[in-house]
Amino acid sequence: MALRLAASPMAMSRSTASFRLASAIRASPSLNARVYFHATRSAASDASSDVTEVYKAKPFKIPAPNQVHGSYHWDFERILSVSLIPLFAASAFNGAHPITDGLLGVVVPIHAHLGFDAMVTDYLHPGKVGNLGNKLISWSLRGATVLVLVGCYQFNTSDIGLTELVKKSWQA
Amino acid sequence: MFAPRVAASLRTAGRIQTAAVAKNAFVRARVMAPVGTRILSTSQSNQKELTVAPLVEQRKNRPTSPHLTIYQPQLTWYMSMFHRATGGALAVGLYGGAIAYAVGPLVGLGFDAATITSAIATLPVAAKVAGKFIVAYPFTYHAFNGVRHLIWDTASKLTLKGVYSTGYTVLGLSTVSALALAFI
């Protein structure tokens, strides 16, 4: 049977609050609790029922490789970015046209969404805002992008269109 | 472990220090109780409070090492930073405008092309030119630097010389085109 060791106080710094707390718990005769710090999952599972586990180490699961989130995502991003060059050029030289306006109203919001998604991955990752926070933010971003797509479509159909807006605002 | 006298003094010292540290009333009650009294044993959630919660609180107060403030300013990361910043700013403008147009009728916000253009027309000429430059510069910078990124994606210009020469080209082109757009 494996020997179960409690964490040695000598191994930890003597001045941390957690050490003082842990030693207070250990030293207190009236507190029926044991402080264990397990390094391995098997040690944690060996624990008998009278010891309450307070800190379980969960092994990190590497996500399965998926081309949709990997190289396909990269390809899609670059194709969109490249297509923006002739799109803006056509819109600048030909003026308003339903096809260029419609395409702009789809490609530019998706391009912006991909950029925002990269920023969320970099700065608002689960390690920083928690799993729930990251999921909330990601889904809010998707909702906002859908709203933007709807707004651009409405503007292109029931108003003057994106290119005309820029032209009129520039010449106002 | 330790000698009984040392253990007793450690116990009192630990108890006083721990009581000072423990903001939790539950912990204070347990730790400041007289020696020898029997208190109900703790449940798992309370033990988690006692041992893990203080560690989590400590992590929130720890400072992070300086990074952006101490790294030598270089064209490479400054331009990368501005590429992301200009992209984000333009996207915020697009999202704000499009969402305002989409939900405007629902909240009574008079937001359409006519009101925007007439509002712009009321501004003085200097404000209009300045405004156009402020809108055009992020756009031209992001566009030309985007082309630079696409050039890198073809595995070209990925040398120090290439990065710096394309970088200065982007800076020059974006400034000139933004000025040109501002005065149209």
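Residues numbered from 1 in each chain as written. Chains lettered and ligands numbered in written order. Predicted model: local features only at pLDDT ≥ 70, side-chain atom pairs only at ≥ 80, totals over all residues. Heavy atoms only, no water.

## Thoughts on the UniProt feature "binding site: a ubiquinone" (unreviewed entry) in chain A
Defined as follows: UniProt positions are given in the numbering used here, feature names are shortened, and annotations may be inferred rather than shown by experiment. Numbered from the N terminus, helices here are DSSP runs of H or I no shorter than four residues, and strands are runs of E no shorter than two. When checking whether two residues touch, look at their non-hydrogen atoms; a contact exists if any pair is within 4.5 Å.
Listed under "binding site: a ubiquinone" (unreviewed entry) in the UniProt record, and renumbered for this structure, are Y123 of chain A. With respect to the secondary-structure elements, Y123 of chain A resides in helix α4 (residues 98-123). In this structure, Y123 of chain A is in contact with K128 of chain A together with R84 of chain B, ignoring residues within four places of it in sequence.

## Here's the deal with the packing of aromatic side chains
Note the following rule: In this scheme Phe, Tyr and Trp rings, the latter by its six-membered ring, pair at centre separations within 6.5 Å, and the angle between planes marks the pair as stacked below 30 degrees, edge-to-face above 60, and tilted otherwise. Throughout, exposure labels follow a simple rule: accessible area from a 1.4 Å probe, protein chains only, divided by the maximum for the residue type, with under 20% read as buried, over 50% as exposed, and the rest as partly exposed. Distance and angle both matter: a charge sits over a ring if NZ of Lys or CZ of Arg is within 6 Å of the ring centre and within 35 degrees of the ring normal.
Under the defined criterion, the tally for this structure stands at seven aromatic pairs over all chains. Where Y71 of chain B meets W77 of chain B, the ring centres are 6.0 Å apart and the plane angle is 85°; that geometry is what we call edge-to-face. Taking the relative accessible area as the measure of exposure, Y71 of chain B reaches 52% and is therefore exposed. Look at Y164 of chain B and Y168 of chain B: their rings are 6.3 Å apart centre to centre, the planes differ by 55°, and that puts the pair in the tilted class. Here Y164 of chain B pairs with Y168 of chain B, and both are found in helix α8 (residues 160-182), just four residues apart, close to one helical turn. Aromatic ring contacts, followed pair by pair, group Y71, W77 and Y78 of chain B into a single cluster. Sitting above the plane of the W139 of chain A ring, R142 of chain A keeps its charged end 4.5 Å from the centroid.

## Some remarks on helix α6 (residues 162-171) of chain A
Those residues of α6 of chain A not exposed but buried are T163, E164, L165, S169 and W170 of chain A. On the buried face of α6 of chain A, the contacting elements are α3 (71-94), α4 and α5 (126-158) of chain A together with α6 (113-121), α7 (125-153) and α8 of chain B.

## Digging into unusual backbone geometry
When glycine is set aside, most residues are seen to have a negative phi, and most peptide bonds are trans. All names here are of chain B. In this structure, A155 takes a positive phi of about 65° despite not being glycine. Residue position: A155 is located in the loop between α7 and α8. Overall, the relative accessible area of 61% leaves A155 in the exposed class. In the Ramachandran plot, K157 falls in the positive-phi region, its phi being about 60° despite a non-glycine side chain. When you line up the elements, K157 lands in the loop between α7 and α8.

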